[in-house]
Amino acid sequence: MNSKNMPIYTIAALGIGGLLTIMTLLNGMAAAGATPLFSSWLAHGVGTVTALILLAAMGRKPKEQRSKPPLWAYLAGLAGAVTVILTSFTVNTPLALSGTIALGLAGQMVFGLGADMVGLFGLKRRLPTSTELISFACIVAGSLIIIFLDKG
């Protein structure tokens, strides 16, 4: 990775985190007015229409030779649908938005560390570094503070 591009990657990652939080909030609001399943259908329906509009606006370009993704890669859509349903539900509980996001981050870290350790989905097997373990402990501690600290 080119270190000259690091600021743009950092800004992009922070922006994605903000968009994920906004998405979670809006999905939760849709679920509060209907159901978490409706919220997932709404999010994915709007996403599909947006993607089709963008594809049409970009025009057709010649396809490059690419290998086909493995069959299990299509599970991302299923994971996305379940994620929207579950976050739409938990945002409307005492966890609220901050608890949902904090625990979601802790869950991502647990899965990521575990996937690295066992080489899941073709990843190179590797043990977590001390920095990753310290980061994970901080994320868990922060999540517990957000959830259990007296809010009022």
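Our structure's up above, just so we're on the same page.
Residues numbered from 1 in each chain as written. Predicted model: local features only at pLDDT ≥ 70, side-chain atom pairs only at ≥ 80, totals over all residues. Heavy atoms only, no water.

Thoughts on helix α1 (residues 6-33)
Phase 1: Helix length check: α1, at 28 residues, gives a terminal C-alpha distance of 41 Å against a target of 40 Å (1.5 Å per residue), a fit within 8%.
Phase 2: Every buried residue belonging to α1 is among Thr24, Asn27, Gly28, Ala30 and Ala31, and all of these are buried.
Phase 3: Buried residues in α1 make contact with α2 (36-58), α3 (75-90) and α4 (96-118). (Helix = DSSP H or I, 4+ residues; strand = E, 2+ residues; numbered from the N terminus. Expected span 1.5 Å × (residues − 1). Buried < 20%, exposed > 50% of the residue type's maximum accessible area, 1.4 Å probe, protein only. Contact = heavy atoms within 4.5 Å.)

Side note on the packing of α4 against helix α5 (residues 130-148)
For any two helices packed against each other, one specifies the inter-axial angle together with the distance between the axes.
Phase 1: Relative orientation of the contacting elements α4 and α5 amounts to 155°, with a least axis distance of 9 Å. Comparing their axes, α5 and α4 come out roughly antiparallel. As for how α4 packs across α5, the hand of that crossing is left-handed. Each of Ser98, Gly99, Ala102, Leu103, Leu105, Ala106, Met109, Val110 and Leu113 in α4 lies in contact with α5, whose residues at this interface are Glu132, Ser135, Phe136, Ile139, Ser143, Ile146 and Ile147.
Phase 2: Its residues placed into classes, the contact of α4 with α5 shows eleven nonpolar, four polar and one charged. (Axes fitted to C-alpha atoms, helices over the stretch in contact; angles between N-to-C directions. Parallel < 35°, antiparallel > 145°, perpendicular 65-115°, else oblique. Left-handed = near helix turned anticlockwise from the far one by under 90°. Nonpolar A, V, L, I, M, F, W, Y, C, P; charged D, E, K, R; others polar.)

By themselves these figures say nothing about function.
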